[in-house]
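# Remarks on the overall topology
Here is what each chain is made of, one letter per residue.
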Amino acid sequence: MAIEAAPTDVASILRSTVEEFRLQAKELGIEMSLDVAPGVPPVHADTGRVAQVLSNLCGNALKFTR
């Protein structure tokens, strides 16, 4: 598995992930919200891998939250 690290806008990935799961959460009666401080600097990371981890976390949270 190759890691392609580069300056990454984590806030943007977080917003995209929350939007990806917002409808599913609403259907389950769960409200998803996101509060990111302004001016969060980019981090050196693999954008795809970070998105995958966040997606897995949100998917599991929705799956196991009553």
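Quick summary incoming for the structure in this document. Given the structure is predicted, the values throughout are model-derived calculations rather than measurements.

For the pair helix H1 (residues 10-27) and helix H2 (residues 47-64), interaxial distance at closest approach is 10 Å and the crossing angle is 30°. Taken together, the axis directions place H1 and H2 in an arrangement best described as roughly parallel. Crossing geometry of H1 relative to H2 is assigned as right-handed. Contacts from Ile13, Leu14, Thr17, Glu20, Phe21, Gln24 and Ala25 of H1 reach H2 at Thr47, Val50, Ala51, Leu54, Ser55, Cys58, Gly59 and Leu62. In the contact of H1 with H2, the residues fall into nine nonpolar, five polar and one charged.

Every α-helical turn comprises 3.6 residues, leaving residues that sit three or four positions apart pointing alike. Here H2 is 18 residues long and its end C-alpha atoms lie 26 Å apart, about the 26 Å a rise of 1.5 Å per residue gives. Every buried residue of H2 is listed here: Leu54, Ser55, Cys58, Gly59 and Leu62. Summarising the axial view, the buried residues of H2 lie within an arc of 135°, below the 170-degree limit, and thus occupy one face. Exposed residues lying more than 90 degrees from the buried face of H2 are Leu57, Lys63 and Phe64. Each element contacted by the buried residues of H2 is listed here: H1. You can read the cap of H2 off the contacts: a side-chain oxygen lies 3.1 Å from the backbone nitrogen of Gly48, and it is on Asp46.

What counts and how
Per chain, the residues get numbers from 1 upward, laid out in the order the sequence is written. The model is predicted, so local features are restricted to residues of pLDDT at least 70 and side-chain atom pairs to those at 80 or more, both for listing and for counting; the totals for chains, interfaces and linings are taken over all residues. Where side-chain values are given, they derive from all heavy atoms of the structure, hydrogens and water being excluded. The axes are straight lines fitted to the C-alpha atoms, using for helices just the contacting stretch, and the angles between their N-to-C directions are given from 0 to 180°. Here a helix means four or more residues in a row that DSSP labels H or I, a strand means two or more in a row labelled E, and each is numbered from the N terminus. Angles are sorted into four bins: roughly parallel if under 35 degrees, roughly antiparallel if over 145, roughly perpendicular if 65 to 115, and oblique for all others. Crossing handedness is read from the near helix: turned anticlockwise from the far helix by less than a right angle, it gives a left-handed crossing, and turned clockwise, a right-handed one. It only takes one pair of heavy atoms within 4.5 Å for two residues to be counted as in contact. Residue polarity follows a fixed list, in which Ala, Val, Leu, Ile, Met, Phe, Trp, Tyr, Cys and Pro are nonpolar, Asp, Glu, Lys and Arg are charged, and the others, Gly among them, are polar. Take the residue count of a helix, subtract one, and multiply by 1.5 Å to get its expected span. Working definition: with a 1.4 Å probe on protein chains only, accessible area under 20% of the residue-type maximum means buried, over 50% means exposed, and in between means partly exposed. To be clear, the arc concerns the directions from the helix axis to the C-beta atoms. By the criterion applied in these results, polar contacts are pairs of N or O atoms within 3.5 Å in which, for protein atoms, one can donate a hydrogen and the other can accept it, and in which residues neighboring in sequence qualify only through two side-chain atoms.

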